[in-house]
Amino acid sequence: NNKKPQKNKNMKEKIYYLIVCLVLSYSTQAQLYGGIEIGSKGIKMTVLDVESIKRNTYDVKEFWTENVGIAAGIGVEGALLQEDIEKAGAVVYTNYKKMLNDYKIEDKNIFIVASSGVGLANNTNDLVVKIKTLTNKKIEIISSSLEAKLLLRGCIPPKNYLSSVIIDIGGGNT
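First things first, this report covers the structure right here in the doc. (Residues numbered from 1 in each chain as written. Predicted model: local features only at pLDDT ≥ 70, side-chain atom pairs only at ≥ 80, totals over all residues. Heavy atoms only, no water.)

What about the pairing of strand β2 (residues 43-52)?
Okay, step 1: Two elements, strand β1 (residues 31-38) and β2, share eight bridges in a ladder whose sense is antiparallel. Of the residues in β2, the one forming a bridge with Gly 34 is Val 47.
Okay, step 2: Here β1 folds back onto β2 in antiparallel fashion, the turn holding four residues.
Okay, step 3: Two strands pair when backbone bridges link them, and β2 and strand β3 (residues 57-66) are joined in this way by nine bridges, in the antiparallel orientation. Bridge pairing links Thr 46 to Phe 63 in β3. (Pairing = 2+ DSSP bridges. Helix = DSSP H or I, 4+ residues; strand = E, 2+ residues; numbered from the N terminus.)

Here we look at the nonpolar core
Okay, step 1: In this structure, Ile 36, Ile 38, Ile 43, Met 99, Ile 112, Leu 127 and Ile 139 are the most contacted members of the largest nonpolar core, which totals 27 residues.
Okay, step 2: Elements supplying a minimum of two residues to this core: β1, β2, α2 (82-101), β4 (110-114) and α3 (124-135).
Okay, step 3: The element best represented in this core is α2, accounting for seven residues.
Okay, step 4: If near-sequence neighbours (up to four positions away) are discounted, Met 99 is found in contact with Gly 34, Gly 35, Ile 36, Met 45, Thr 46, Val 47, Trp 64, Lys 104, Ile 105 and Ile 110. (Core = buried A, V, L, I, M, F, W, Y, C linked by side-chain atoms within 4.5 Å. Buried < 20%, exposed > 50% of the residue type's maximum accessible area, 1.4 Å probe, protein only. Contact = heavy atoms within 4.5 Å.)

Let's talk about unusual backbone geometry
Glycine aside, residues mostly have negative phi, and peptide bonds are mostly found in the trans state.
Okay, step 1: Here Lys 104, not a glycine, exhibits a phi torsion of approximately 60 degrees, which is positive.
Okay, step 2: Its relative accessible area of 63% is what places Lys 104 among the exposed residues.
Okay, step 3: Residue Asn 136 is not a glycine yet carries a positive backbone phi of 65 degrees.
Okay, step 4: On the secondary structure map, Asn 136 appears in the loop between α3 and β5 (140-141).

Distances and angles like these do not, on their own, reveal function.
Laid out in structure tokens, this is it:
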């Protein structure tokens, strides 16, 4: 008679355990992330299928570029040309919508940045405002030191950090 309540308790525990396992396995499913980088010579788009950020496990699902030389027209004053800002804005907007609609990436998982070469211009705020108006996202202008760290982290396995050299010859700086 004592065994029946114990058996029900064990069964309930197994069911709860199974539910927890299902919830955890669902919450750790890979997620799609989108990145758009406005570089001085072109705009790069990447779609990542991230399994685990902590374990650095991901798969590059798609990668493409569009040639928009936003920094090519930097004049004597050191400013981006308004027409180049407009072109870059149009390319960013089109690809931002593509990530949302075609790839079904959540808006919170799409990140837009501008490279350090673009950051050399003295009117980068015009670009920031343009992208914010089109996508409702505030872009970050990445410094050359942060760009180097991100490049290292994205290209080289951590075990090879101390024995590796990276040289990034960009359109605006090296």
